[in-house]
Each structure stands twice: as C-alpha cells, then as structure tokens.
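The chain contents come next:
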Amino acid sequence: MYTNLGKIPILAIISLLCLPAAYPQSDAPARIKTQTTLVVVPVSVKDGNGVLVPDLKRDEFRIFEDGKEQRISLFSAEAFPLSAVILINNNMPLKSSEQVQKSLKAIAASFGAADEVALMTYDQFSQTLLEFTKDNDQLFTQLKRLHLESEFTGSNSPATSPTPKINNQQVSPGVPQINGKAPPASNARLDDAMYAASQMLRDRGRDRRKIIFLVSDGTNSHRNTMSTDRVLENLLAADISVYAIAVGHEILRTGSGPLKRYAEATGGDYYYASKSAGLERLYTALAEQARNQYTIAFTPTAPNKTKDFHTIEVRVRRPGLNLIARQGYYSTVPH
C-alpha cells in the first residue's frame, strides 16, 4: 500500500522524514538531544478472539499525543522487514530449559529473506552468538548448536516497585510465585540483557520494524546495572518493540512481572507457552504480527516542550477491537 504522498513506498518516506538518531560512542551515561519531526507508531489490531484484523482503513484510526488528537500524516498496512534480536534466557529451571531447547530450531522458520536477525543469550551476562544476518541457514545452524543451561545459582532479592499480591503475599517483579512461594533465586540479569539488545538495534534503519524476540521464565536478578525504567526509555527512543514469550511458572499466565511490562510499554505483545509445541506456533505468530502491523505517523502539533516523554493513545472507530501500540515516545534521544 502507498501513502497519500504519491506512489512512494512508506518505507522510503519514513527513511527520509525521520531524522536519524545520534548517539555518543562511549558508554558514559550522557544524553544527546535529537529532535523528532515525525512520530511513527506501529499498531496491531485484534478482534475479541485474538485474531489480527487486516482490513482497517486510515479514517477508522485516531491518534492522540498527551491527550490531544493529532492529524495522521502517513498511514499504511504494508508489511515491514524485521530487524530482530532473539534474546533467550540461559539460566532457567531444567523443565523450562528443556521446553525451550526442543523448540529452538523452529525460530529460524519465523523469519523471511528480507529480515535480519541477531541471536543473544543471557544469564549473569549477555552473550552475542550471532551478529545481524539475513542468512536463514546461518541462523538455523546457530540455533541447532545452542545448548541452554538449566541451573539457578546465586541469590536474589525482591524489587521495590509496586506489584500485585497472590494469596495475600507480595509478588516481586521477575520472581514469580507459586502458592505463595518463590522459585529458586536467579542471577539472570534481564534488564542488562535488554539494554544490550537495544544497543544492537538502535542504529538499524527506521524503515524496518525493530524488535526484541524475548524467550524467558521472567526471573530477574537484583544485581542489574540498568533499571527497567532506564531500559524502557532507550527502547522507546529507538522505536524498539518487545515480543515476550514466557515459559515455566504457571503464574506467568497472568502476565505479572517484567516481561509483560516491557511488551506493553513498547507496543509489542506477551504470550505464555506451556509446551514446546506451543512455543513453535508462537514464534511464527509473533513474527508475523510484528511484520504486519499498521503504520500510523504524525507530526506533533503544539507539543509540550517542557518534557521529553509524550504519551500516545491510538483509537479505532470500529467497535469490539483491541489495539496494541507503544505507550509513548521521547522527543529527545537518551543514551
């Protein structure tokens, strides 16, 4: 589908109108400001049964920034190529690890010739196993060779952010509880790994969907050097969406913890898989969802220049539909 700016693909228009993000080369916690002239918002729309709705038109959408409706500058339903980092927890209980291990080779089948994919694992530290490649055979080979670890080590402590209660006991983020008891503690530093994945993706082209394809049991060490809020700031500034697949603890069915928070804030999605066969189906479904989102873009009118973060709300006129989009954007680029 083409935009109303003549027969120019929307991929090319976004590349021209979105100013490239500028980042310092050092790892120092500096900030460099880059003004955003066009805000691009990918949107997934599902019906009441969770099935993607592919036939919506431009005039059925409305978009709001900080509560004020904006004029849609660009709209498209065309598929985008993906730049994806596959990020896999390498520090899960034996049952969860075996579940993921059996499904690994199926991940490669989720990506097409136009997609570029990198592969990372994480526990105390993240490890890049494959740099970005469009060679699906290379990805398949690396996944086939990957052997996941299956033991918890070290200790963990509850986080301090507000969390839900189960059986009248507090549930710590990243520490799912079963019958009021926490599983063995984990050293897996999810927040640090997410930051590392965002750094890999930040400079990929804005004419691509940038996603983190996260497979994890949701545990998260208190020894992260990066906070969840800091990582979310970087994800939103770089237009990166998180698609999280949770395995293991039954409480993950409810989506409590950091996996769902990352997915919801960035306009990705969250699923729980109880079996390896379910994982294999989800890999393909999530890649297709990320590739085939609607694209809505607007130039902010009279933005509030006293703050960096601006909320986004997308609405659709057709009743009975569920929309998935990121919760906001940053008008300056954090490092």
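It should be noted that the structure appears before, not after, this text.
All of these numbers come straight from a predicted model, not from anything done at the bench.

Rules used throughout
- Residues numbered from 1 in each chain as written.
- Predicted model: local features only at pLDDT ≥ 70, side-chain atom pairs only at ≥ 80, totals over all residues.
- Heavy atoms only, no water.
- Pairing = 2+ DSSP bridges.
- Helix = DSSP H or I, 4+ residues; strand = E, 2+ residues; numbered from the N terminus.
- Axes fitted to C-alpha atoms, helices over the stretch in contact; angles between N-to-C directions.
- Salt bridge = Lys/Arg side-chain N within 4 Å of Asp/Glu carboxyl O.
- Buried < 20%, exposed > 50% of the residue type's maximum accessible area, 1.4 Å probe, protein only.
- Contact = heavy atoms within 4.5 Å.
- Core = buried A, V, L, I, M, F, W, Y, C linked by side-chain atoms within 4.5 Å.
- Arc of directions from axis to C-beta.

Colleague: I'd like a description of the sheet that holds strand E13 (residues 294–298), backed by residues and values.
Modeller: Taken in spatial order, the 4 strands make up an open sheet running E4-E13-E1-E15, and their pairing is antiparallel. Looking along the sheet, the strands with just one partner apiece sit at the ends: strand E4 (74–76) and strand E15 (322–324). Strand-to-strand twist across the sheet, computed as the mean angle between neighbouring axes with direction ignored, equals 25 degrees.

Colleague: Describe the pattern of salt bridges, and please don't skip the residues or the numbers.
Modeller: For side chains of opposite charge, pairing can occur when their charged atoms come near one another. Applying the stated rule across the entire model yields 15 salt bridges. The partner of Asp55 in a salt bridge is Arg318, and the shortest N-O contact between them spans 3.1 Å. Taken together, the positions of Asp55 in the loop between strand E1 (39–46) and strand E2 (61–65) and Arg318 in the loop between strand E14 (309–316) and E15 put the pair 263 residues apart, joining distant regions of the chain. The salt bridge partner of Arg315 is Glu313, with a shortest N-O separation of 3.0 Å. For Arg315, a relative accessible area of 35% translates into the label partly exposed. Residue Glu313 is classed as partly exposed on the basis of its relative accessible area of 37%. Shared partners join several salt bridges into a network, and the residues in it are Asp55, Glu60 and Arg318.

Colleague: A description of the sheet that holds strand E3 (residues 68–70) should follow, citing residues and the corresponding values.
Modeller: Spatial ordering of the open sheet is given by E3-E2-E14-E16, a layout of 4 strands whose pairing is antiparallel. Each end of this open sheet is capped by a strand with a single partner; those strands are E3 and strand E16 (328–330). Adjacent strand axes in the sheet meet at a mean angle of 35 degrees when their direction is disregarded. Where E2 lies against E14, 5 bridges are found, and the strand directions are antiparallel. Looking at E14, one finds that Phe64 is bridged to Glu313.

Colleague: Would you mind going over helix H5 (residues 228–237) in detail, with residue names and values included?
Modeller: Each full turn of the α-helix corresponds to 3.6 residues, which orients residues three or four apart in the same direction. Across the 10 residues that make up H5, a large majority, 8, are buried. Every buried residue belonging to H5 is among Thr228, Val231, Leu232, Glu233, Asn234, Leu235, Leu236 and Ala237, and all of these are buried. Buried-residue contacts for H5 involve helix H4 (190–201), strand E10 (209–216), strand E11 (240–247), helix H6 (258–266), E14 and E16. One or two steps after H5, the chain reaches Asp239, where phi turns positive at roughly 60 degrees.

Colleague: I'd like a rundown of unusual backbone geometry, residues and numbers included.
Modeller: The backbone of Asp66 sits at a positive phi, close to 50 degrees, despite the residue not being glycine. Summarising the element assignment, Asp66 is placed in the loop between E2 and E3. The exposure class assigned to Asp66 is partly exposed, which follows from its relative accessible area of 25%. For Asp239, which is not glycine, the phi dihedral falls at a positive 60 degrees. Within the secondary structure layout, Asp239 lies in the loop between H5 and E11. By relative accessible area, Asp239 is classed as partly exposed at 26%.

Colleague: Go over the nonpolar core with me, naming the residues and quoting the values.
Modeller: The tendency in soluble globular proteins is for nonpolar side chains to be buried side by side. Ranked by internal contacts, the top residues of the largest apolar core, which has 31 residues, are Val85, Leu87, Met194, Ile212, Leu214, Leu235 and Tyr262. Looking at this core, the elements that each hand over two or more residues are strand E5 (82–89), strand E6 (116–122), H4, E10, H5, E11, H6 and strand E12 (269–273). If near-sequence neighbours (up to four positions away) are discounted, Met194 is found in contact with Leu87, Ile212, Leu214, Val231, Leu235, Val242 and Tyr262. If you look at the next biggest cluster of nonpolar residues, it comprises 30 residues, including Val100, Phe111, Leu139 and Leu143.

Colleague: Give a detailed account of the environment of Ile240, specifying residues and quantitative values.
Modeller: Position of Ile240 relative to the elements: it lies in strand E11. Remark: the alpha-carbon pair of Ile240 and Gly268, spanning 28 residues in sequence, is separated by 8.7 Å. With residues near it in sequence (within four places) discarded, Ile240 still touches Ser198, Leu201, Arg202, Lys210, Ile211, Ile212, Leu235 and Thr266.

Colleague: Account for the pairing of E12, with residues named and values stated.
Modeller: For E12, the tally of buried residues reaches 4 of 5 residues, placing the bulk of the element in the interior. Direction of pairing for E11 relative to E12: parallel, over a ladder of 5 bridges. Within the sheet, the bridge partner assigned to Ala244 lies in E12 and is Tyr270.

Colleague: Go over helix H2 (residues 94–103) with me, naming the residues and quoting the values.
Modeller: Taken residue by residue, H2 has Ser96, Ser97, Gln99, Val100 and Ser103 as its buried positions. End-on, the buried residues of H2 take up no more than an arc of 160 degrees, which puts them together on one face. Exposed residues pointing more than 90 degrees away from the buried face of H2 are listed as Lys95 and Lys102. On its buried side, H2 packs onto E5, E10, E11, E12 and helix H7 (276–291).

Honestly, that's just the spatial picture; any functional story needs more than this.
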